[in-house]
Amino acid sequence: MVKVGFVAEGECDVFILKSSNFRALAEDLGVYVCPEVINAHGEGNLRYSNLIDFVELCHNQPNTPDKIIVLTDLDTEPCITEVKKRIEASGTADKTIVARKALEAWFLADHEGLSRYLGKDFSIVEFPEQTEAMPWDDLRQRINGMNIRGIGQIKKAFAKRFAAYFSLERAAAHPHCPSAAYFLETLKSIV
């Protein structure tokens, strides 16, 4: 088993990485997810000096990781490669995963998980990483248009509940969700 420590951009990412679904998937792939996922509390905190501190926190866990993965969002940055270069310039991360637009695009790609969570069929989103609005806003709008109880206004409250339904494998299988597929492939190749 390869021990992997994670530094995550924010709380939604942390909920997914700490979920039993994600940890079971990782274990099946031969990856042990270290218990403490380090929360950077926002993309602006994933800068050189902060990354060094976050990675040090990862390494100070009882189960010192063999590898460190940083999970962040593209947000409004123009280029995934530039985001990865900025983070990896610190020399602290073994891999950087950049969710196109935002991690919530992966939620949109998991049509089955959303349908189970909502108790009603959620329409397949053809291009979850290319929504006009940010993925969270798009998701809220779609669910509110289904004439069912809304998902609330607070993204992290939704992510905390939805983490039990979300499957990285299903999101990665979506033909137009390459960043989720890249994350899954990274997990498979890290062992």
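Provided above is the structure to which this section pertains.
Just so you know, these numbers come straight off a predicted model, no measurement behind them.

Chemist: How do you make sense of the pattern of salt bridges when you look at a structure like this?
Modeler: Once the charged atoms of two side chains with opposite charge are near each other, the side chains can pair. Tallying each qualifying case throughout the model produces 9 salt bridges. Its salt-bridge partner being Lys 156, residue Glu 11 comes within 3.2 Å of it at the nearest N-O pair. Residue Glu 11 is found in helix α1 (residues 11-18), and its partner Lys 156 is found in helix α8 (residues 155-162); the two are separated by 145 residues along the sequence. Its relative accessible area of 41% is what places Lys 156 among the partly exposed residues. Measuring nitrogen to oxygen at the nearest pair gives 2.6 Å for the salt bridge that ties Arg 170 to Asp 110. Of this pair, Arg 170 sits in helix α9 (residues 168-173) while Asp 110 sits in the loop between α5 (104-109) and α6 (111-118); the two residues are 60 residues apart in sequence, bridging distant segments of the chain. Relative accessible area serves as the criterion here: at 24%, Arg 170 is assigned to the partly exposed category. Classification of Asp 110 as buried rests on a relative accessible area of 0%. Among the ionic contacts, a cluster of salt bridges with common partners joins Asp 110, Glu 112, Arg 116 and Arg 170.

Chemist: Before we go on, may I ask you to explain the nonpolar core in this structure?
Modeler: Note that soluble globular proteins tend to have their nonpolar side chains buried in a common cluster. In this structure, Phe 6, Trp 106, Leu 139 and Leu 168 are the most contacted members of the largest nonpolar core, which totals 48 residues. Looking at which element gives the most residues to this core, the answer is α1, with 5 residues. If we skip the residues at most four places from it in the chain, Phe 6 touches Leu 17, Phe 22, Val 33, Glu 36, Val 37, Ile 38, Cys 58, Ile 69, Phe 183 and Leu 187. Counting 15 residues, the second-largest nonpolar core is a separate cluster that includes Leu 51, Ile 68, Ile 87 and Ala 93.

Chemist: Can you walk me through the environment of Gly 10 in this structure?
Modeler: When you line up the elements, Gly 10 lands in the loop between β1 (2-8) and α1. Sequence spacing of Gly 10 and Lys 156 is 146 residues, and the spatial spacing of their C-alpha atoms is 9.0 Å.

Chemist: Explain the packing of aromatic side chains to me, please; I cannot follow it from the model alone.
Modeler: By convention here, two paired aromatic rings are described through the distance between centres and the angle between planes. Counted according to the given criterion, the structure contains 13 aromatic pairs. Among the aromatic residues, those joined into a ring-pair cluster are Phe 107, Tyr 117, Trp 136, Phe 158, Phe 162, Tyr 165 and Phe 166.

Chemist: Before we go on, may I ask you to explain unusual backbone geometry in this structure?
Modeler: Among all residues except glycine, the phi angle is most often negative; among peptide bonds, the trans geometry is most common. The residue His 41 is not glycine, and still its phi comes out positive at about 60°. Note that His 41 resides in the loop between β3 (38-39) and α3 (48-59). The phi dihedral of Lys 101 falls on the positive side, at around 65°, and the residue is not glycine. As for its position among the elements, Lys 101 is in the loop between β5 (95-99) and α5. Residue Lys 101 is classed as buried on the basis of its relative accessible area, which comes to 18%.

Chemist: What exactly am I supposed to notice about the state of the cysteines here?
Modeler: One way to say it: the disulfide is the covalent bond shared by the sulfur atoms of two cysteines. Scanning the entire structure with this criterion turns up 0 disulfides. The thiol sulfur of Cys 177 is not disulfide-bonded, and the nearest other cysteine sulfur, from Cys 12, lies at 15 Å. With relative accessibility at 1%, the residue Cys 177 sits in the buried group.

Chemist: Help me understand the side chain of Ser 179, please; the structure alone is not making it clear to me.
Modeler: Within the secondary structure layout, Ser 179 lies in helix α10 (residues 178-189). Given the relative accessible area of 4%, Ser 179 is considered buried. In terms of polar contacts, Ser 179 uses its side chain to reach the side chain of Glu 129, at 2.2 Å. Among all residues touching Ser 179, those that are not within four sequence positions of it are Ile 97, Val 98, Ala 99, Arg 100, Trp 106 and Glu 129.

Scoring rules and cut-offs
- In every chain, residue numbers begin from 1 and rise along the written sequence.
- This being a predicted model, a pLDDT of at least 70 is required before a residue's local features are given, and a value of 80 or more before pairs of side-chain atoms are given or counted; all residues contribute to the totals for chains, interfaces and linings.
- Note that water and hydrogens are dropped before the side-chain values are worked out from all heavy atoms of the structure.
- What makes a salt bridge here is a side-chain nitrogen of Lys or Arg within 4 Å of a carboxyl oxygen of Asp or Glu, nothing more.
- Helix and strand labels come from DSSP, where a helix needs a run of H or I of at least four residues and a strand needs a run of E of at least two; each type is numbered from the N terminus.
- The cut-offs for exposure are 20% and 50% of the maximum accessible area for each residue type, with area from a 1.4 Å probe on protein chains only; residues under the lower value are buried, those over the upper are exposed, and the others partly exposed.
- We define a nonpolar core as any set of buried Ala, Val, Leu, Ile, Met, Phe, Trp, Tyr and Cys residues linked to one another through side-chain atoms lying within 4.5 Å.
- Whether two residues are in contact is decided by their heavy atoms: any pair within 4.5 Å suffices.
- Pairing of aromatic side chains here covers Phe, Tyr and the six-membered ring of Trp, requires ring centres within 6.5 Å, and sorts the geometry by plane angle: under 30 degrees stacked, over 60 edge-to-face, intermediate tilted.
- Any two cysteine sulfur atoms lying within 2.5 Å of each other are counted as a disulfide.
- Between N or O atoms, a polar contact is any pair within 3.5 Å; within protein, one atom must be a potential hydrogen donor and the other a potential acceptor, and residues adjacent in sequence are included only when both atoms are from side chains.

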